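# Structural features, examined
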Amino acid sequence: GWYVGKRPVFLIGLNQFDTEWLPDLLRLGGNLDTAGGGAAAFLMRNGPELEAADIDVLVANVRRRAELGIRSNVLFGHRMPKWITEEHPDILEVEGHFMFYDIDHPAARRLTCRTIEAVAASLRNEPGVTCYDLWNEAAFNRMSERGRQRFRNAMRGSTFALKA
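Okay, so let's go over this structure. For every chain, the first residue of the written sequence is number 1, and numbering continues from 1 along that sequence. This being a predicted model, a pLDDT of at least 70 is required before a residue's local features are given, and a value of 80 or more before pairs of side-chain atoms are given or counted; all residues contribute to the totals for chains, interfaces and linings. Only heavy atoms go into the side-chain values, all of them from the structure, while hydrogens and water stay out.

Moving on, we come to the environment of Glu-87. Within the secondary structure, Glu-87 sits in helix H4 (residues 82-87). When accessible area is computed with a 1.4 Å probe and restricted to protein chains, residues below 20% of their type maximum are described as buried, those above 50% as exposed, and intermediate ones as partly exposed. Overall, the relative accessible area of 51% leaves Glu-87 in the exposed class. Here the alpha-carbon distance between Glu-87 and Ala-107, two residues 20 residues apart in the chain, equals 9.6 Å. Of the polar contacts made by the side chain of Glu-87, one reaches the side chain of His-88; its length is 3.4 Å. Numbered from the N terminus, helices here are DSSP runs of H or I no shorter than four residues, and strands are runs of E no shorter than two. Whenever two N or O atoms come within 3.5 Å, that pair is a polar contact, provided that in protein one can donate a hydrogen and the other can accept it, and provided that, for residues adjacent in sequence, both atoms are side-chain atoms.

With that settled, the discussion passes to the nonpolar core. What tends to happen in soluble globular proteins is that the nonpolar side chains get buried as a cluster. Among the buried residues, those of types Ala, Val, Leu, Ile, Met, Phe, Trp, Tyr and Cys that are joined through side-chain atoms within 4.5 Å form a nonpolar core. Ranked by size, the top nonpolar core spans 13 residues in total, and within it Val-62, Val-74, Val-119 and Leu-123 carry the most contacts. If you list the elements that add at least two residues to this core, you get helix H3 (52-68) and helix H5 (106-123). By the convention used here, residues are in contact when the closest approach between their heavy atoms is within 4.5 Å. Setting aside anything within four residues of it in sequence, one finds Val-62 in contact with Ala-35, Ser-72, Val-74, Leu-123, Glu-126, Gly-128 and Val-129. With eleven residues, the next largest nonpolar core counts Trp-83, Ile-84, Tyr-101 and Ile-103 among its residues.

Written out as structure tokens, the structure reads:
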């Protein structure tokens, strides 16, 4: 039951790594796909320097989609590189959500921001990019104690009322 005006809309999900099916997306009436690979765990897996060759792969994936007439949602998130979790084990102190790390941890935020900035700079002239998905499935309802405290501090002194 999804509609745009009176036209029914069907949500079609393809794994972003199943690229052999991309040409079928248009045939099925789709025009947006996730171009994955923007996670810090992938682009900084060997250390704190971004892997330029891997960013080139991400740019090529966005271009391939654009050549097919498919727009890209560039995906970040899900994992931190092993070396940073060894350096800061508390990054993993979360209540087990789909991100697998604490998005409120300062080191995680720094790496994510560096990754986003580098990828966005590389894709700035690519017309196929529709949006950036910064913290995909961040599961805000299951956060770290650090995140919970940040939220409570931000809300302290705030007053508001909800109406049904």
